2 protein chains.
Amino acid sequence: MKIHIVKIGGHIINDPKLLNISIQSFCKLEGYKIFIHGGGEKANNVMDRMGIPKKMIRGRRVTDKKTLEVVVMIYAGYINKNIVSLLQGYNCNALGLSGADGNCIKSFFRSKEKNIDYGYVGDIDIKNINIHFIKLLLKNDLVPVLCPITHNGYGTLLNTNADTISSHIAIALSNDNNQVDLHLCFEKKGVLRNINNPKSFLKKINFDLFQKMKQDHTIFNGMIPKLENAFFAFQNGVKKVSIGHPHYLNEIHNNTVLCL
Amino acid sequence: MKIHIVKIGGHIINDPKLLNISIQSFCKLEGYKIFIHGGGEKANNVMDRMGIPKKMIRGRRVTDKKTLEVVVMIYAGYINKNIVSLLQGYNCNALGLSGADGNCIKSFFRSKEKNIDYGYVGDIDIKNINIHFIKLLLKNDLVPVLCPITHNGYGTLLNTNADTISSHIAIALSNDNNQVDLHLCFEKKGVLRNINNPKSFLKKINFDLFQKMKQDHTIFNGMIPKLENAFFAFQNGVKKVSIGHPHYLNEIHNNTVLCL
């Protein structure tokens, strides 16, 4: 099967106009497809309004029990169901999923690093992606819409990074002999040589260039884990990985494409 | 197909112990089954904590835009995903759904009554229950877990009563030549002659008795719409309808069963 996997992240989720562009571009993709969304700012807003403090340990965010409650509400509830209903409005037969639904993605508590307990954060393994279930949905013309919540199989939901989910699903489906196109969408046109100049986007990037751009700080902050996930997918069997703006989802030459 | 439809309502959702009993009893049911849950108190708590006022017009609750946001978060997110992950913990392959997912239940804005605009409230019609999709899930050993959120098919989510969803799905599946058992569970043992005496539960109730008990106020408040929905299902082709405590989900003689 040829399958498009589209991750919508960055600030797109916070911007109704950009989200709508993403949804319309996604609807135009032909054939089998999967939509994966990140969390956005809404969870922070709701935590503030509910008076729930954000817990940090040595600069790292910790998902305590109250934070988990909110991210489940927002990611699996508010964001996921809004995207599903918008897609349905365009006659795309979307089906929203957390990792618990249909046992789609089983995860395990992140192990403590330097004695930091990250709380309800789930890491995942390729072998725990339920591709049998995902293929069943695709073959029945359903379009999975995944949120960044997984489960440990023992009744506990866990918070999992959406880029990680995207790369792992892309790899699992590639390993199963499907032709996977992984599109990582955010508010920029792609990987930029100069962050202030949208025209400076790279048509291609290989792993060496990525390392060099990381060293000279052309690539920084949130772009680093995003590209690490992209290269993780590319180096583990996903044939086509692109990074760019959702407006160009159907014009891959207007995205940054990973290459050897 | 023989299909159990179990609605979990009343105060069960607010009580982790009762919810767990419900989930365990549900897991013991053999064959095809569907879990439908109500809303509970959590949405009100979150609205209070977020400082969102509850909007009432002439004593009737109105679902304005902010209320809709919260009920989507809580019903489709927090409650639904917690139930799904708990069921998965007991090896029940649950799949959480709002009416938008897989276009499962399409609804329409409730028409104004005596000039009251109920806001984002969806009413449903038997013909808009997607039994093709529900049967696809059941035949693939998936267990649908439905929350009381539907969609209008044009990108808008709507708040819909869970008892109404239960009766309509039960009727739609009965009309499709399935043998449906509809179980409406709440915290009482069934229909009681004396609300303070659990032993006074009726083993059977017919429509005439219901009318009589309504007139003499033995049945009152929330029990009235619950029984109206139950009789609506029973009078429209659902062969077995019972009302009782989830502890007795597997012992129908300990529930109140509707009869002719």
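Placed above this text is the structure.
Note that the structure is a prediction, hence the values are computed from the model and not measured.

> Is there a simple way to think about the nonpolar core in this case?
Side chains of a nonpolar character, in soluble globular proteins, are inclined to be buried together. One finds I169 of chain A together with I169 of chain B to be the most contacted residues of the largest nonpolar core, which totals 92 residues. The residues contacting I169 of chain A, other than those within four sequence positions of it, are I5, I34, I36, I105, I129, I134 and L146 of chain A. Ranked by size, the runner-up nonpolar core spans 76 residues in total, among them L19, V46, I74 and A94 of chain A.

> Help me understand the sheet that holds strand β1 (residues 2-8) of chain B, please; the structure alone is not making it clear to me.
Strands in a sheet are paired, the pairing made by backbone hydrogen bonds, and the direction either parallel or antiparallel. All names here are of chain B. Read from one edge to the other, the open sheet built from eight strands follows the order β5-β8-β2-β1-β11-β13-β14-β12, with strand pairing classed as mixed. Each end of this open sheet is capped by a strand with a single partner; those strands are β5 (94-97) and β12 (204-205). In the sheet, strand β2 (residues 32-37) pairs with strand β8 (residues 143-146) via two bridges, with the strands oriented parallel. The residue of β8 that forms the bridge with I36 is L146. Strands in contact with helix α1 (residues 16-28) are β1, β2 and β8; relative to β2, the strand with the most contacts, it is inclined by about 160°.

> Just to check I follow, could you spell out the relation of the copies chain A and chain B for this structure?
Turning one copy of the chain about an axis and sliding it along that axis gives the other copy, so a rotation and a shift relate them. Note on the copies: chain A fits chain B at an RMSD of 0.0 Å, the axial shift is 0.0 Å, and the rotation between them is 180°. The transformation relating the two chain copies, once decomposed into turn and shift, fits a two-fold axis. The position closest to the rotation axis in chain A is occupied by the C-alpha of G77 of chain A, lying 1.8 Å away. Mapped onto chain B, 100% of the interface residues of chain A are again interface residues, and the two copies thus contact each other with one and the same surface.

> Sorry, what's going on with helix α1 (residues 16-28) of chain A here?
Turn by turn, an α-helix covers 3.6 residues, leaving residues three or four places apart pointing in a common direction. Residue and element names in this part refer to chain A. Under the 1.5 Å per step criterion, the end-to-end length of α1 is 19 Å for 13 residues, consistent within 8% with the ideal 18 Å. The complete set of buried residues in α1 reads L18, L19, S22, I23, S25 and F26. Across the axial projection of α1, the buried residues extend over an arc of 165°, all falling on one side. Away from its buried face by more than 90 degrees, α1 exposes P16, K17 and K28. Those residues of α1 that are buried lie in contact with β1 (2-8), β2 (32-37), α3 (65-89) and β8 (143-146).

> Explain the pairing of strand β13 (residues 240-244) of chain B here, please?
Consecutive residues of a regular strand have side chains that alternate between opposite faces of the sheet. Residue and element names in this part refer to chain B. With respect to burial, β13 is a largely interior element, four of its five residues being buried. When strand β11 (residues 179-185) meets β13, the two strands line up parallel, connected through five bridges. From the neighbouring strand, L182 faces β13, where its bridge partner is V241. Both β13 and strand β14 (residues 256-258) contribute to a ladder of two bridges, which runs antiparallel. In the strand pairing of β14, S242 is matched with V257.

> Please clarify how α1 of chain B should be interpreted in this entry.
Buried residues belonging to α1 of chain B abut β1, β2, α3 (65-89) and β8 of chain B. Its side-chain oxygen at 3.0 Å from the backbone nitrogen of K17 of chain B, D15 of chain B defines the N-terminal cap of α1 of chain B.

> Teacher, can you tell me more about the packing of aromatic side chains here?
Remark: the centre distance and the inter-plane angle together describe each pair of aromatic rings, the angle taken between the planes. All names here are of chain A. Counted by the stated rule, this structure contains 10 aromatic pairs over all chains. Between F109 and Y120, the aromatic rings sit 5.8 Å apart at their centres with planes inclined by 55°, giving tilted as the arrangement. Taken as a pair, F109 in strand β6 (residues 105-109) and Y120 in the loop between β6 and β7 (122-129) lie far apart in primary sequence, 11 residues in all. Given the relative accessible area of 39%, F109 is considered partly exposed. Take Y120: its relative accessible area is 22%, and that puts it in the partly exposed class. Here the aromatic rings of F210 and F231 are separated by 5.3 Å at their centres, their planes lie at 10°, and the arrangement is stacked.

> What is the right way to read the packing of helix α6 (residues 207-215) of chain B against helix α7 (residues 223-234) of chain B from this model?
Axes are the key here: two packed helices are described by the angle between their axes and the distance separating the axes. All names here are of chain B. α7 packs onto α6 with a crossing angle of 165° between their chain directions and a minimal axis gap of 11 Å. Considering their axes alone, α6 and α7 lie roughly antiparallel with respect to each other. At the point where α6 passes α7, the crossing takes the left-handed sense. On the side of α6, the interface is formed by F207, F210 and K214, while α7 contributes I224, L227, E228 and F231. Each residue belonging to the contact of α6 with α7 can be placed in one class, and the counts come to five nonpolar, no polar and two charged.

> I'm lost on the interface of chain A and chain B in this one. Help?
A common way to state how big an interface is: give the accessible area lost once the parts meet. Contact with chain A, which involves 39 residues of that partner, is made by 39 residues of chain B. The contact between chain A and chain B buries some 3,100 Å² in all, and 64% of this surface belongs to carbon and sulfur atoms. Across the contact surface, chain A and chain B share four salt bridges. Where K42 of chain A meets E69 of chain B, a salt bridge forms, and the shortest distance between an N and an O atom there is 2.9 Å. Where chain A packs against chain B, one counts 14 residue pairs in polar contact (both at pLDDT 80 or more). Of all the secondary-structure elements, those providing two or more residues to the side of chain A that touches chain B are α2 (42-50), α3, β5 (94-97) and α4 (131-139) of chain A. It is α3 of chain A that provides the largest number of residues to the side of chain A that touches chain B, a total of 14 residues.

What counts, and at which threshold
- Residues numbered from 1 in each chain as written.
- Chains lettered and ligands numbered in written order.
- Predicted model: local features only at pLDDT ≥ 70, side-chain atom pairs only at ≥ 80, totals over all residues.
- Heavy atoms only, no water.
- Core = buried A, V, L, I, M, F, W, Y, C linked by side-chain atoms within 4.5 Å.
- Buried < 20%, exposed > 50% of the residue type's maximum accessible area, 1.4 Å probe, protein only.
- Contact = heavy atoms within 4.5 Å.
- Pairing = 2+ DSSP bridges.
- Helix = DSSP H or I, 4+ residues; strand = E, 2+ residues; numbered from the N terminus.
- Axes fitted to C-alpha atoms, helices over the stretch in contact; angles between N-to-C directions.
- Least-squares fit on C-alpha atoms with pLDDT ≥ 70 in both.
- Expected span 1.5 Å × (residues − 1).
- Arc of directions from axis to C-beta.
- Polar contact = N/O pair within 3.5 Å; in protein donor to acceptor, adjacent residues only side chain to side chain.
- Phe/Tyr/Trp six-rings, centres within 6.5 Å; stacked < 30°, edge-to-face > 60°.
- Parallel < 35°, antiparallel > 145°, perpendicular 65-115°, else oblique.
- Left-handed = near helix turned anticlockwise from the far one by under 90°.
- Nonpolar A, V, L, I, M, F, W, Y, C, P; charged D, E, K, R; others polar.
- Buried area = accessible area lost by both parts, 1.4 Å probe.
- Salt bridge = Lys/Arg side-chain N within 4 Å of Asp/Glu carboxyl O.

That is the geometry; function is a separate question.
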